[in-house]
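Overview (structure and organization)
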Amino acid sequence: MGTNSLVTGLKVFLPVMFSVMLATLIYTIITDGLPLPDRSDVFTPWFTTTILDFYINIVPIAVWIVYKESTWFGSILWTVLLIVFGSLTTCVYLFMQLMKLTPQEASEDPMYHLLLRDSFKDGVGFRDKKSLVVPARFVFGALGCVMLGALVYTCLTVGSPFHMDLLYPWMVVLLISFYINVAVLSVWVVYKESSWIIGILWVALLLSLGSFGTSVVIVVQLFRLSPLDPLYLVLVKNNNRTK
């Protein structure tokens, strides 16, 4: 994956997904109106559960953005934009980060240089007595449990989500935004795994179980780190940690 083809592919993929998402959003607003909280035809139980799923899924993206930004203002601004505009912000932010890569970085290991902050690249592998690895395990484990509980509760009280009548306009908008973020996270998941088969299995978990699957993947990755390792090491492959 450490080739220019990956960078080129992402530079094409992200604008296309941004355009699809923006067009779908504008079309739905024009034809179906705004998704105001008092609209019972929009805020069905499965829509509410999917919103929870969506926002748990953007937590790791938001954490990465905060880590990447050098100022609190930038971190807060991009996080707010991510909360409000979802995958539109994801596409814009990632595209901007890709454009910052030098030709050498893009050809050597684009994911390594994309994921890490410049100030940390020379210090990869250093240990930290104040590491956040253990707290992060608990946080993402708890988020996974919350999502699993919400899924089970909604299934028991409302029934299966696999009905065509649930694919009303605003649910479609939400699902498109959700799966664009899943696609972005899947690139990282495949990059992390040394085996394509394992990577594809993890991606299948993300696609089928949403943010619960994302939480499981992240917790597994965190348990591969020592409690003394810096948290940002979860971003890169094991063989990159000694760079």
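My aim in this report is to walk through the structure given alongside it, one point at a time.

Reading the values: the criteria
- Residues numbered from 1 in each chain as written.
- Predicted model: local features only at pLDDT ≥ 70, side-chain atom pairs only at ≥ 80, totals over all residues.
- Heavy atoms only, no water.
- Helix = DSSP H or I, 4+ residues; strand = E, 2+ residues; numbered from the N terminus.
- Rg over C-alpha atoms; globule rule 2.2 N^0.38 Å.
- Buried < 20%, exposed > 50% of the residue type's maximum accessible area, 1.4 Å probe, protein only.
- Lys, Arg positive; Asp, Glu negative; His and termini not counted.
- Charge placed at Lys NZ, Arg CZ, Asp CG, Glu CD.
- Patch = residues over 30% accessible without salt bridge, like charges linked within 9 Å, V, L, I, M, F, W, Y side chains within 5 Å.
- Areas by Shrake-Rupley, 256 points an atom, 1.4 Å probe, with all protein chains shown as cover.
- Salt bridge = Lys/Arg side-chain N within 4 Å of Asp/Glu carboxyl O.
- Axes fitted to C-alpha atoms, helices over the stretch in contact; angles between N-to-C directions.
- Parallel < 35°, antiparallel > 145°, perpendicular 65-115°, else oblique.
- Left-handed = near helix turned anticlockwise from the far one by under 90°.
- Contact = heavy atoms within 4.5 Å.
- Nonpolar A, V, L, I, M, F, W, Y, C, P; charged D, E, K, R; others polar.
- Polar contact = N/O pair within 3.5 Å; in protein donor to acceptor, adjacent residues only side chain to side chain.

On to the overall build of the chain, then. When helices and strands are tallied, the chain shows ten helices and zero strands. Walking the chain from its N terminus toward its C terminus, one meets helices and strands in the order α-α-α-α-α-α-α-α-α-α. Compactness check: the chain gives a C-alpha radius of gyration of 19 Å against a globular reference of 18 Å for 243 residues, within 12% of the reference. With respect to the three principal axes, the spread of C-alpha positions in the chain is 55 × 40 × 35 Å. Expressed as a percentage of the 243 residues in the chain, the buried residues total 46%. Distance between charge centroids for the chain: 11 Å, based on 15 positive and 14 negative side chains.

Another point: a nonpolar patch on the surface. A contiguous nonpolar patch, built from Y55, V66, W72, I76, V80, I83, V84 and F85 and spanning about 790 Å² of accessible area, is present on the exposed surface. Of all the elements, helix 4 (residues 72-85) adds the most residues to the nonpolar patch, at six residues. If you trace the backbone, I76 turns up in helix 4. In this structure I76 comes out as exposed when scored by relative accessible area, which is 52%.

Viewed as axis vectors pointing N to C, helix 1 (residues 4-32) and helix 9 (residues 169-192) meet at an angle of 165°, and their least axial separation amounts to 9 Å. The angle between helix 1 and helix 9 falls in the class roughly antiparallel. In this structure, helix 1 meets helix 9 at a crossing whose hand is left-handed. Here L10, F13, L14, M17, M21, T24, L25, T28, I29 and D32 of helix 1 lie close against helix 9, whose contacting residues are P169, W170, V173, I176, S177, I180, A183, V184 and V187. Within the contact of helix 1 with helix 9, the residues separate by chemical class into 15 nonpolar, three polar and one charged.

Okay, the environment of F54 next. For F54, the location among the structural elements is in helix 2 (residues 45-57). What makes F54 buried here is its relative accessible area of 5%. The spatial distance from the C-alpha of F54 to the C-alpha of M164 is 20 Å, given a sequence separation of 110 residues. Among residues more than four places away in sequence, those in contact with F54 are G86, S87, L174, S177, F178 and N181.

Here Q221 lies in helix 10 (residues 196-223). Given a relative accessible area of 3%, Q221 falls into the buried group. Among the polar contacts listed, one links the side chain of Q221 to the side chain of E193, at a separation of 3.1 Å. Every residue in contact with Q221, bar those within four places of it in the chain, is listed here: W188, K192, E193 and V234.

Among the structural elements, S177 can be located in helix 9. According to the relative accessible area criterion, S177 is buried, its value standing at 7%. A polar contact of 2.9 Å, which involves the side chain of S177, links it to the side chain of S87. Excluding its chain neighbours within four sequence positions, the residues that come into contact with S177 are M21, F54, G86 and S87.

Attention now goes to the packing of helix 1 against helix 5 (residues 87-99). Their axes nearest at 9 Å, the elements helix 1 and helix 5 cross at an angle of 155°. In terms of their interaxial angle, helix 1 and helix 5 are classed as roughly antiparallel. The handedness of the crossing between helix 1 and helix 5 is left-handed. Residues V7, L10, K11, L14, P15, M17, F18, M21, L22 and L25 of helix 1 form the contact with helix 5, whose own contacting residues are S87, L88, C91, V92, L94, F95, L98 and M99.

Looking at where L116 falls in the secondary structure, it is placed in the loop between helix 7 (110-115) and helix 8 (133-157). The spacing of L116 and Y232 is 116 residues in sequence and 7.5 Å in space, taken between C-alpha atoms.

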